[in-house]
Amino acid sequence: MWLLLALVAIPMIEIALFIKVGGLIGLWPTLGIVVLTAVAGSSLMRVQGARALSGLRASLNDLRDPTEPIAQGALILLAGALLVLPGFLTDTIGLLLLIPPVRRAILRHVAARVRVEGFAAGGTGPRQEPWRPEVIDGEFFEIGPDDGPRRPSGWTRH
């Protein structure tokens with residue numbers, strides 16, 4: 001229900017804002033502001049995204065809980081998506097999400113309502129050996145003398 005409401009309300013708010021701002025400052029300045037916020041937001045998003053990725057790498061290297069850097073990266077990704085959409089409301093929300101204290105406040109608000117059951121570092125799957133160029137991984141099956149007619153080829157012994 002909330003998603004349907006957002007899908008209807010957000011475009012209506014954006015259209016109303018375009019009409020209001022366009023009436024105040026004109027068509028071309030309005031379009032210029034939308035393009036300028038998209039370009040500025042994209043460059044900010046790139047810088048913030050690189051910083052979030054560096055924080056994620058550091059937490060994984062130190063075997064710390066990576067949920068905070070992952071959540072920061074998700075909010076930066078959401079900010080980028082909102083900045084790509086044309087409009088004043090989505091650009092404003094997107095730019096607000098690029099401000100680190102705003103993201104931290106949102107994450108604190110969400111973290112107060114989420115309970116983590118557990119966290120484990122390391123894998124439980126099969127251990128992988130380091131890559132060695134002399135080892136060729138493959139599958140094979142043996143063909144016995146009773147497995148039917150055989151024709152000589154370049155791959156079999158005569």
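Here the residue numbers are simple positions, counted from 1 along each chain's written sequence. Since the coordinates come from a predicted model, pLDDT governs what is reported: local features require at least 70, and pairs of side-chain atoms require 80 or more to be given and counted, while whole-chain, interface and lining totals use all residues. Heavy atoms from the whole structure form the basis of all side-chain values; hydrogens and water molecules are not counted.

**Things to note about the pattern of salt bridges**
When a carboxyl oxygen of Asp or Glu lies within 4 Å of a side-chain nitrogen of Lys or Arg, that pair is called a salt bridge. Summed over all chains, the structure comprises one salt bridge. Measuring nitrogen to oxygen at the nearest pair gives 3.4 Å for the salt bridge that ties Asp62 to Arg64. Burial classes follow relative accessibility: with a 1.4 Å probe on protein chains only, a residue under 20% of its type's maximum area counts as buried, one over 50% as exposed, and anything between as partly exposed. Judged by relative accessible area, which is 44%, Arg64 ranks as partly exposed.

**Quick look at the confidence of the model for the protein**
On average, the protein scores 82 in pLDDT, and the residues at 70 or more come to 82%. Least confident of the elements in the protein is helix H2 (residues 27-61), whose mean pLDDT is 87; most confident is helix H5 (residues 100-111), at 92. Every residue is assigned a pLDDT by the predictor, reflecting its confidence on a scale from 0 to 100. In DSSP terms, a helix is any run of H or I states spanning at least four residues, a strand is any run of E spanning at least two, and both are numbered starting from the N terminus.

**Quick notes on the packing of H2 against helix H4 (residues 88-97)**
For every element, the axis is a line fit to its C-alpha atoms; helices are fit only across the contacting stretch, and the angle between N-to-C directions ranges from 0 to 180 degrees. At a closest axis distance of 10 Å, the pairing of H2 and H4 adopts a crossing angle of 25°. Looking at the two axes, H2 sits roughly parallel to H4. Judged by the twist between their axes, the crossing of H2 over H4 is left-handed. Residues Thr30, Ile33, Val34, Thr37, Gly41 and Leu44 of H2 pack against Phe88, Asp91 and Leu95 of H4. Polarity classes work like this: nonpolar for Ala, Val, Leu, Ile, Met, Phe, Trp, Tyr, Cys and Pro, charged for Asp, Glu, Lys and Arg, and polar for all others, with Gly in that last group. Here the contact of H2 with H4 is composed, by residue class, of five nonpolar, three polar and one charged. When describing relative orientation, an angle under 35 degrees is termed roughly parallel and one over 145 degrees roughly antiparallel, while 65 to 115 degrees is termed roughly perpendicular and anything else oblique. Throughout, a crossing is termed right-handed when the near helix is turned clockwise from the far one, and left-handed when it is turned anticlockwise from it by less than a right angle. Only heavy atoms enter the contact rule, under which two residues are in contact if any of them lie within 4.5 Å.

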